[in-house]
Structure formats: structure tokens, C-alpha cells
Amino acid sequence: MAKFEYAPALESRTVVTIRPSYGLFIGGEFVESTDGSSFKTINPSSEEVLAEVTEAGVADVELAVRAARTAFDGPWGRLPGAERGKYLFRIARILAERAREFAVLETLDNGKPIKESRDVDIPLAAAHFFYHAGWADKLEHAGLSGASTHPPRPLGVVGQVIPWNFPLLMLSWKIAPALATGNTVVLKPAETTPLTALLFAEVCQQADLPAGVVNIITGAGDTGRHLVEHPGVDKVAFTGSTQVGKSIARSIAGTRKRATLELGGKAANIVFDDAAIDEAVEGIVNGIFFNQGHVCCAGSRLLVQENVADDVIMRLKGRLQTLRVGDPLDKNTDVGAINSATQLARISELTEIGQAEGATRWSAPCALPERGFWYAPTVFTNVSQSHRIAQEEIFGPVLSVLTFRTPQEAVAKANNTRYGLSAGIWTEKGSRILWMADQLRAGVVWANTFNRFDPTSPFGGYKESGYGREGGRHGLSAYVTTGATR
Amino acid sequence: MSTTVTGRRAAADRRIEVRKTYKLYIGGTFPRSESGRTYEIHAAGPSGRFLANAAMGSRKDARDAVVAARGVLGKWAAATAYNRGQVLYRVAELMEGRRAQFVAEVAAAEGLTPARAGKVVSQAIDRWVWYAGWSDKLAQVLGGVNPVAGPFFNISAPEPTGVVAALAPQRSSLLGLVSVLAPIVVSGNTAVVLTSEHRPLPAVTLSEVLATSDVPAGVINVISGRTAELAPWLAAHQDVNAIDLAGAADADNLSWAELERASADNLKRVLRPAGDDTGSVEPDWSRTPDLTRIKACLETKTVWHPKGH
């Protein structure tokens, strides 16, 4: 199918003002670092430097944790839930009011298509705050205490570290439940995507959120480690790689710190021969090419029933040739830039290994921009289960295709992974959907859909995809204690 | 003269008791430790009398137990909640039938009076009954429908996490053991439990009850021995999904921090021992439990499906 030609439809950058440099947001205001250094954040689609950002040091982390503690012990801790909730409602409203600004900034800093930041990331972030705002004065009704007479109480200071794939959305998944339950937070955004978190600090100021309730410190892995290991942190919430998740689990071993870890995935997207094939193809595309495949729950393994495999792969390749790869600010763009040179190198390395191990590679023919970090949508066929591209998280626009004959074989292959974050099922047979959903060892199962998210819907993994849930009533329990003592 | 005759007659009448060999319980069978090792078990309290030579489990025994637990996991997890509830209730029934033996063993193991031991045994039996009733209520209490903003049916429900290793409490040899074990298996997990190191005998007798109950072979595996020797192998085992460290409190030469650290290698769910900071204490097991221990061994699965016509 020929690609329709569209004139460029660029979203305007004028809605965003990026400062040349940013300090740390501690105790309600932007402050200079005491012992840190600085680094640059760039636009991955052009390699243009966007701003200079602070790399927080040990003393900065100390100040941020202390500010959060002061706020927790002070005004925030004494605030009735209803009043706490009103701050969250305010934040939700401001995010909606400034949605376009956030969307453009997210796309500039992250490289994702504007249609995704505009239609997915920012609206969902606002929705998370709105949803959790309503919980703030209803926690005793959430069924978290069982028969205990102790109402749910906050844990204290929460240290949160988030990834670069959905910067503001991950911030909202972390901060909204923490604040709704009465905790205070120190959050570190990813080093390649700090700007929307820093803009969120301005939202906190506009909302008149008490000083120290939310502290944003920028930096790389070391900053995150200092935060997680700080003895003044009562709870750690992390989204990122399984490798870092394990090191966090080790670092808090033997303490009373609590943790939720939302880590990697290698989801199977399973297509049966009775599926609505065109819908399934859309689901496959959404599953692995949404957000350049930078999605922990991406459907990176396609398991397709053998008798329809050729047909599905043919239609899939046809569909991929219509995807528009290019300028993320263009409203017609489907696939944006890879977030960083490091990530591009990782994707290239694993795909080369895929070829070397004998899988057959096909990439959508498309012209990639000269500057910036880009990777064409790629499909591997003739993949076997032992191939590294079938086992390791690539975190890019790369799909590995395997086949199966029976539902039992599909289950065995789908579960043959150390991960267990998500899975997809495509079939028109209801009983098969329900049986498959029971068998799959994954925290989220999408049947005849994929990559759906909602603040009311718990999200999180089995096995090495981490533990704890975010969203819904389940997500609240990670931020409260209901015992007589902690 | 008459005294001598009476004495002789008494000696002739006195029956020599048939003692029991206390063994491991793995995959529904009662092996001795493959290591061939045993260790002496003595009564608590001033008498300190010899009670038995218990099997001293080894790393191989622990690993065999994990294999057994993994093997039967699918079957046990797929059993209906109603069925699992009945199976747990049946354990209580059979314990009641062996009450006298449990009372004697708990009294000896924990240095309790028979009356006090009787109370503890009653509580242990009742604990099975309490947990049995939870099997078919968890999904409704812990799960539910999520009102997502779109045309989707969206439901969350709890599922067992898999194979769970447990360090049974060191002091409460039976009530503590049951309080740790029942919440693991009620939701469909399978268990490998290390008994109290110095008080293993009631646990071994419980395993004999389990063998004649309806609990499928391998669902519960019971290993006696040195906690500090065996626990690290279970904490580091890549095919164990969760670990309950209750028995780290008062265990000889054991650091629960080390066990938690080892557990991070495959991101086991860790149920820490009770206590503050780095310390650990054995809780009062006679208290009515809550859902904490059950929840520690559950995953939440959320399923989405579009609505349409």
C-alpha cells in the first residue's frame, strides 16, 4: 500500500519556554546545588541542547529528604485528607490547563510523537491526579485495613525514581498516590528527560502546594542511588530496568524500608487463527511500535498461530510501511526518535545479535532524518525461544515473531521468560480468552486490545518484572501502613 | 521376698514403647535426609530430656523439596477455591484426631504444661479452619472491577505467586508453623517450610497428618535441620517465588538481611520478620491473624477486554 503524502503539520514550540539552566526544586523553590555538577539535556530528534540541568550530589539529596521530612512532620502531615485532596485536584486542573505546553515539552525532551504526548501521556497524567485526589479523604473506605481498627496512615518520606519513556506520566503514577495517602516525596526524573518534571515543580508552586511536599532532584544513576539508600527515606518507588530494580532490592535488604518495583518486560502478544486479523495487526503495531517500543509492557514477542502466520506477517509488514517515522513535533508522525544515543546503541547491538543468531530481519523502508537518534520499525521472523531477541528486553521498535500450534504451546512459550509484566491475546473465542488469561503469568493481560492504561486499573508485574501495583485501590496499599506500628 | 516378685512381675508387664523416627516430608514421601545426618532434639525446660534424633536436612533435600513444590503448583493453583478450602479444613479434622499426640509433643518441645499445650494445639487447629474459609473469599475481597475511562471490561483478581519458602517460627513449634503455612497454601501456592530448628517434632507430626489428608503430595514440604544452613539456599534459589522470613527471629547464626539480599537475585517477594529496624522478634501467634500473610504471597492480575456490539 502506498504511503499517503501529507504536508508537514508541525506543532508550535512557542507555547514552551525552556530556561537555559535549572536548579533543584527543594522545599518549594528552585535552589542551586550545594555539591553537584550539571549536565545537558538534548532533543533526541535533533541533538539540539535544550537546557543545562543540575546533577544533584549527596548533600543535595540530604537537603531534599530533609525538606520532605519537615513537610511531613509539619503542615502536610496535619492536613485533613479532604484538604490534601483539594491540592491534588488543583494539580490535575493545572496539568489540563497547561496540557499543550507539557505535551510539546515532553516531545522535545523525549522524542516521542506529539500525538502520543498530547493524547496519551499528558491527559493520563492529569487523570491520575484527579483520580487519586478523590481517595485522599476516603482511605478508610479502601478496604486496606481489614478488621484492624487502625486507619491507613502514610509511611513518611517516599523516594521515587522514574524512567525516561513516559516522563510526566510516570511522575504522576508516583506522586499522585503518594500525596493522596499523605506522604511527602523526593522524585528523581531520568537524566535524559528531566524537563517536564521541572515544569511540574512550577505547577506545584502555582497550586500553592506546601513547601517540601514535592521535591524534584535531577541527576543520573548516582543521584538515584543516594536517594534510595538515604536512611531518611521510608519507602522507595522505582520504575526502570530489572537490573537496577534488583540492586535497589539488595540495598534496602535488612531495613524496614518498603519498595515497589516496576521493571522490565518481554510481553507475548498472542494471535490465534480465529482472531479478527486486521484488528490484531493494529494491536501488534500498537503493542510494539507505540512510543518507539520504549514501553516496559510492550508486546515485543509476537506469538502467532502457525496456520495464519504468513498472512499476519504479510499484513503486518504492509501496515508498517504506512507508519510515518520522523519529526516528533509533526502531528502526522507515528514513530518518533529513539530517546538517546545509549539506547540506540543498545537496540542496534541486540538486533545485530538477532541476525547473528540466525533470525531473519526485516525493517520498514523509510527515510530516517540525518540528525538525531532513529531506528526503523523492525520485525524479526524465524526467531526461536533461545534467541536473545526472544529473551531480552530490547526497549525499541523491534518485534520478534514466533509461532505456535496449540493454545497450550502458546502458554508455554508466552510464560517462558523471567519477566511477567503483560501479555496480549487475540481471538474471537471468549472461553479461550478467559482460559488463556488464567494461564498467563503476567500482571496485565490485554485481550483484543493492547497498551491500555487507566488510573483505576492496577498495573505491575509478576516474577522479575517487579512487585507492587500502581493504580486503583491496589496501588494505594503501597503507600500506607495499617498496623499499630510500622 | 514379695517385693522382689512384684518387681519382677512389673518389669515383665512393662511394655517397651515403640518410638517414632522423625523424618523429612518431601513430595508426599518421608525420606531421611539424603545427607544421612541427624541431630538430637531435647525437651525444653529443666529436664532437657532426649526426645528424638531428627533428620538434619541438607541443601539437596531443600532443592528436592522445591522441585516437588514446583511440580504440583499448577494442579494446586488450578484447584477450585472451594476445593482448597475443604482440603485445608480436612487438615484441621485430622489434627483433632491426633490431638493427644500434638499436645504431648508441643508440651515437650515448648516446655508447656499439658493444659497450656492443649490450648495452643486448639488454636493451631482453629487456625486451619480460619484460613480454610478464606480460600473462596479472597478474590472478592482483594479483587474487583475497575471503572476505566473507556469502553472496556477491566477486572483485577489475586493469583498465587508460586513456590513459597518459609522459615517457620523458632519458638512456636506448631501454632507458629500453622500460622505461617496455612496463608501460603490457601490461595494456591505451594510451600517448602523449614521447621523450628530446635523444636521440629510437632512439625514432623503435622507432616504425617498432611500425608493422610487431602493435601496433594508436594504442596507442603517439611524440612527439619539447621535454619542457618538451609535458609540461604532457599533464599538464593531461582525457582522460589517468595520467602517468608518469620523464623529468622531467634534463629541461630542467621542474618535476615543476608537472606533478603540473596532473595533480590530473582526478585523474590520477601515477607520480613516482625520487629523494628534491623531487629526481629517472634510475634504473638495466638492473636487472630489478618490478611497480611496471605497478601504477601499473591499477585494481582488485571485483564482488559473491549466492549462492543
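The rules behind the values
- Along every chain, residues carry numbers that run from 1 in the direction the sequence is written.
- Lettering of chains starts at A and numbering of ligands starts at 1, both following the order in which they are written.
- Whole-chain, interface and lining totals are the exception, using all residues; otherwise, since this is a predicted model, local features are given only for residues with pLDDT of at least 70 and side-chain atom pairs are given and counted only at 80 or more.
- Secondary structure elements are taken from DSSP: a helix is a run of H or I of four residues or more, a strand is a run of E of two residues or more, and numbering for both begins at the N terminus.
- Any residue whose C-beta has 12 or fewer other C-beta atoms within 10 Å is treated as exposed, any with 20 or more as buried, and any in between as partly exposed, C-beta atoms being built from the backbone.
- Placing a C-beta atom from the backbone of each residue, one calls two residues in contact when those atoms lie within 7 Å.
- For the radius of gyration, the atoms used are the C-alpha atoms, and the globule rule reads 2.2 Å times the number of residues raised to 0.38.
- Under the scheme applied, nonpolar residues are Ala, Val, Leu, Ile, Met, Phe, Trp, Tyr, Cys and Pro; charged residues are Asp, Glu, Lys and Arg; polar residues are all the others, including Gly.
- Paired strands, in this sense, are two strands between which DSSP finds at least two bridges.
- Arc definition: directions from the helix axis to the C-beta atoms.
- The domain boundaries here were taken from an automatic or database domain assignment.
- By convention in this section, buried Ala, Val, Leu, Ile, Met, Phe, Trp, Tyr and Cys residues joined through C-beta atoms within 7 Å make up a nonpolar core.
- Here is how to tell: hold the view so the strands point away, follow the path from the first strand over the helix to the second, and if it runs clockwise the crossover is right-handed.
- Every axis corresponds to a line fitted to the C-alpha atoms, with the helix fit spanning only the stretch in contact, and the corresponding angles, defined between N-to-C directions, vary from 0 to 180 degrees.
- Our angle categories are set so that under 35 degrees counts as roughly parallel, over 145 as roughly antiparallel, 65 to 115 as roughly perpendicular, and the remainder as oblique.
- Definitions for this section: a left-handed crossing has its near helix turned counterclockwise from the far helix by less than a right angle. A right-handed crossing has that turn clockwise.

Chemist: Can you tell me about the overall build of chain A, naming the residues and giving the values?
Modeler: Helices and strands together make up the secondary structure of chain A, namely 16 helices and 20 strands. Viewed in the frame of its principal axes, chain A has a C-alpha envelope of about 65 × 55 × 35 Å. When the 486 residues of chain A are sorted by exposure, 58% land in the buried category. Long-range pairs, those at least 24 residues apart, make up 72% of the contacts in chain A with a sequence separation of at least 6.

Chemist: Lay out the overall build of chain B in plain terms, naming residues and giving numbers.
Modeler: Looking only at helices and strands, chain B has 11 helices and 10 strands in total. In terms of overall dimensions, chain B is globule-like: its C-alpha atoms have a radius of gyration of 22 Å, near the 19 Å expected for 309 residues. Taken along its principal axes, the extent of the C-alpha atoms in chain B is 100 × 35 × 35 Å. Within chain B, the proportion of its 309 residues that are buried is 52%. For chain B, contacts bridging at least 24 residues in sequence account for 77% of all contacts bridging at least 6.

Chemist: Which residues make up the interface of chain A and chain B, and what values go with them?
Modeler: Counting residues at the interface gives 32 residues for chain A and 29 residues for chain B. Taken together, the elements giving at least two residues each to the side of chain A that touches chain B come down to helix 9 (242–251), helix 15 (430–439), strand 18 (444–447), strand 19 (466–467) and helix 16 (472–476) of chain A. By residue class, the composition of the side of chain A that touches chain B is 13 nonpolar, 12 polar and seven charged. Here strand 18 of chain A pairs with strand 10 (residues 298–306) of chain B via three bridges, running parallel.

Chemist: Would you mind going over helix 10 (residues 256–263) of chain B in detail, with residue names and values included?
Modeler: Residues and elements named next belong to chain B. Burial in helix 10 covers these residues: Trp256, Leu259, Glu260, Ala262 and Ser263. Projection of helix 10 onto a plane perpendicular to its axis shows the buried side chains occupying an angular sector of 160°, all on one side. In this structure, the buried residues of helix 10 make contact with helix 9 (227–236), strand 8 (242–244) and strand 9 (269–271).

Chemist: Give me the lowdown on the domain arrangement of chain A, citing residues and values where you can.
Modeler: Residue and element names in this part refer to chain A. Domain annotation of chain A identifies domain 1 (21–263 + 464–481) and domain 2 (268–454). Using only C-alpha atoms to locate each centre, domain 1 and domain 2 end up separated by 30 Å. Listed by partner, the interface residues are 19 residues for domain 1 and 26 residues for domain 2. Mapped by element, the contributors of at least two residues to the side of domain 1 that touches domain 2 are helix 4 (99–110) and helix 5 (114–135). No other element matches helix 5, which puts four residues into the side of domain 1 that touches domain 2. Grouping the amino acids of the side of domain 1 that touches domain 2 by side-chain chemistry returns five nonpolar, eight polar and six charged.

Chemist: Which residues make up the nonpolar core, and what are the values?
Modeler: Residues A:Ala64, A:Ala68, A:Leu88, A:Leu95, A:Val186 and A:Ile248 are the most contacted members of the largest nonpolar core, which totals 95 residues. For this core, the element with the highest residue contribution is helix 6 (residues 167–180) of chain A, accounting for 10 residues. Beyond its immediate stretch of four places on either side in the chain, A:Ile248 contacts A:Val228, A:Val236, A:Phe238, A:Ala259 and A:Leu261. One finds B:Ala117, B:Tyr131, B:Ala165 and B:Leu291 within the second-largest nonpolar core, a separate group that totals 92 residues.

Chemist: Got a sec to walk through the pairing of strand 12 (residues 268–271) of chain A? Specific residues and values, please.
Modeler: Residues and elements named next belong to chain A. With burial as the criterion, each face of strand 12 is covered, one bearing Ala268 and Ile270 and the other bearing Asn269 and Val271. Sheet topology places strand 12 next to strand 13 (residues 301–305); four bridges connect them, and they run parallel. Counted as the bridge partner of Ile270 is Leu303 from strand 13. The β-α-β motif built from strand 12, the intervening helix 10 (residues 277–289) and the parallel element strand 13 has right-handed crossover chirality. Summarising the sheet, strand 12 and strand 17 (residues 422–426) pair through four bridges and their orientation is parallel. Residue pairing for strand 17: Ala268 is matched across the bridge by Ala423.

Chemist: How would you summarise the packing of helix 3 (residues 81–97) of chain A against helix 5 of chain A if you had to cite specific residues and measurements?
Modeler: Residue and element names in this part refer to chain A. Relative to each other, helix 3 and helix 5 sit at 165°, their axes nearing to 8 Å. The orientation of helix 3 with respect to helix 5, classified from their angle, is roughly antiparallel. In this structure, helix 3 meets helix 5 at a crossing whose hand is left-handed. Counting all contacts with helix 3, which are made through Gly85, Leu88, Phe89, Ile91, Ala92, Leu95 and Ala96, the residues of helix 5 involved are Ile122, Ala125, Ala126, Phe129, Phe130, His132, Ala133 and Gly134.

Chemist: Before we move on, can you summarise the pairing of strand 6 (residues 190–194) of chain B with the specific residues and values?
Modeler: All names here are of chain B. Buried residues dominate strand 6, accounting for five of its five residues. Burial along strand 6 is two-sided: the face carrying Thr190, Val192 and Leu194 and the face carrying Ala191 and Val193 are both buried. Note that strand 5 (residues 163–167) and strand 6 share five bridges and pair parallel. Paired with Val163 across the bridge in strand 6 is Thr190.

Chemist: Account for the environment of A:Ala412, naming residues and giving values.
Modeler: All names here are of chain A. Mapping Ala412 onto the fold places it in helix 14 (residues 407–414). On the neighbour-count criterion, Ala412 (13 C-beta atoms within 10 Å) is partly exposed. Separated by 271 residues in sequence, Ala412 and His141 place their C-alpha atoms 40 Å apart.

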